[in-house]
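What the coordinates show
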Amino acid sequence: MADLIRTLESDLFGAYEWAADLYEDLAGVQEAPDRLAVFRGLMRAYEALEGKAAEAMRAAEGLVAAEEDLDDTERRVLAPLEAPREALFADPTPESAKAFLAAFDAAWIGQAEKPALVPDAILAALAHSNVIAATRNKTLPPEEAKAHHAKAAQLYEELFAMLNFRVGTGEQEWKETAQSAAFRAAVAWRFAGEESRSRRATEIAGAPPGFDRSGHRTS
């Protein structure tokens, strides 16, 4: 089963062929909000690729089915995120990332409906570390960049706990994403200058393929 973090990252930065393949691997996830995010991304990826009209139509049908499976609470929680989320995917800039994060924080902080927000929490972590605090954003003061990496790390750690719980209840499709969340927390803590927290997260995560246990690429 694919890693949803890598999938959303590929989608966010326009690697649509890879994103489509990864989304296809996740199309059978159980929770309706997660399936909604998967089919929304799948449709976006296929619409961006030439010759994929039939696949885009199939993805649209999956999206409609997932929307119908949402309960009223999930609809209420997700509705305010729709416009800023789409704006971020359309143009991943620090400005669109901050607009999305404002909506996300209002839905996430202090709320009980966090399971419905797993894909958006992943997107929020990517917005913090990979958009706002990205190395190409050279106008951001170093301490602000560290603060955004720390917020991403905190989200990844919370995601790891949530997804690891799902794995423990038998939802093995989340195992790779849970491991990835812990690993990304380790990397984000390192960028935030928190080496002790980075080492602890690395011990939890192990080393995904292509990285050593210090979080550096080996391939």
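Quick look at the structure, then. These numbers come from a predicted model, not from an experiment. Numbering of residues starts from 1 in every chain and runs along the sequence as written. Only residues with pLDDT of at least 70 are given local features in this predicted model, and only at 80 or more are side-chain atom pairs given and counted; all residues enter the totals for whole chains, interfaces and linings. Calculated side-chain values reflect all of the structure's heavy atoms, with hydrogen atoms and water omitted.

1. Details of the nonpolar core
In globular proteins that are soluble, nonpolar side chains generally tend to be buried together. Note the following rule: In this text, buried Ala, Val, Leu, Ile, Met, Phe, Trp, Tyr and Cys residues form a nonpolar core when linked through side-chain atoms within 4.5 Å. Partly exposed describes any residue whose relative accessible area lies between the buried limit of under 20% and the exposed limit of over 50%, with all areas from a 1.4 Å probe on protein chains only and scaled to the type maximum. Secondary structure elements follow DSSP: runs of H or I of four or more residues count as helices, runs of E of two or more count as strands, with numbering from the N terminus. Working rule for contacts: check all heavy atoms of both residues, and any pair within 4.5 Å makes them a contact.
Counting 73 residues, the largest nonpolar core has Phe100, Phe104, Ile122 and Tyr156 as its most contacted members. It is helix 9 (residues 142-168) that contributes the most residues to this core, 11 residues altogether. Apart from the residues within four sequence positions on either side, Ile122 is in contact with Leu4, Ile5, Leu8, Leu159 and Thr177.

2. A word on the pattern of salt bridges
Close approach of charged atoms lets side chains of opposite charge pair. Our working rule: What counts as a salt bridge is simple: a side-chain nitrogen of Lys or Arg found within 4 Å of a carboxyl oxygen of Asp or Glu.
Inspection of the entire model under this criterion finds 13 salt bridges. The residue Arg85 makes a salt bridge to Asp120 at a minimum N-O spacing of 2.8 Å. Of the two residues, Arg85 sits in helix 6 (residues 82-90) while Asp120 sits in helix 8 (residues 118-132), which places them 35 residues apart along the sequence. The exposure class of Arg85 is buried, given its relative accessible area of 4%. Assessed through its relative accessible area of 5%, Asp120 is described here as buried. In this structure, the salt-bridge partner of Lys114 is Glu158, at a minimum N-O distance of 2.7 Å. One end of the pair, Lys114, is in the loop between helix 7 (94-108) and helix 8; the other, Glu158, is in helix 9, and 44 residues separate them in sequence.

3. Details of helix 11 (residues 195-205)
Selection criterion: This arc corresponds to the set of directions leading from the helix axis out to the C-beta atoms.
When we look at burial in helix 11, the residues that qualify are Ser198, Ala201, Thr202 and Ala205. Considered in projection along helix 11, the buried side chains sweep an arc of 105° and stay on one side of the axis. Facing away from the buried surface of helix 11 by more than 90 degrees, the exposed residues are Arg199 and Glu203.

4. With respect to the environment of Ala161
Residue placement: Ala161 occurs in helix 9. A C-alpha to C-alpha distance of 9.1 Å links Ala161 and Ala181, two positions 20 residues apart in sequence.

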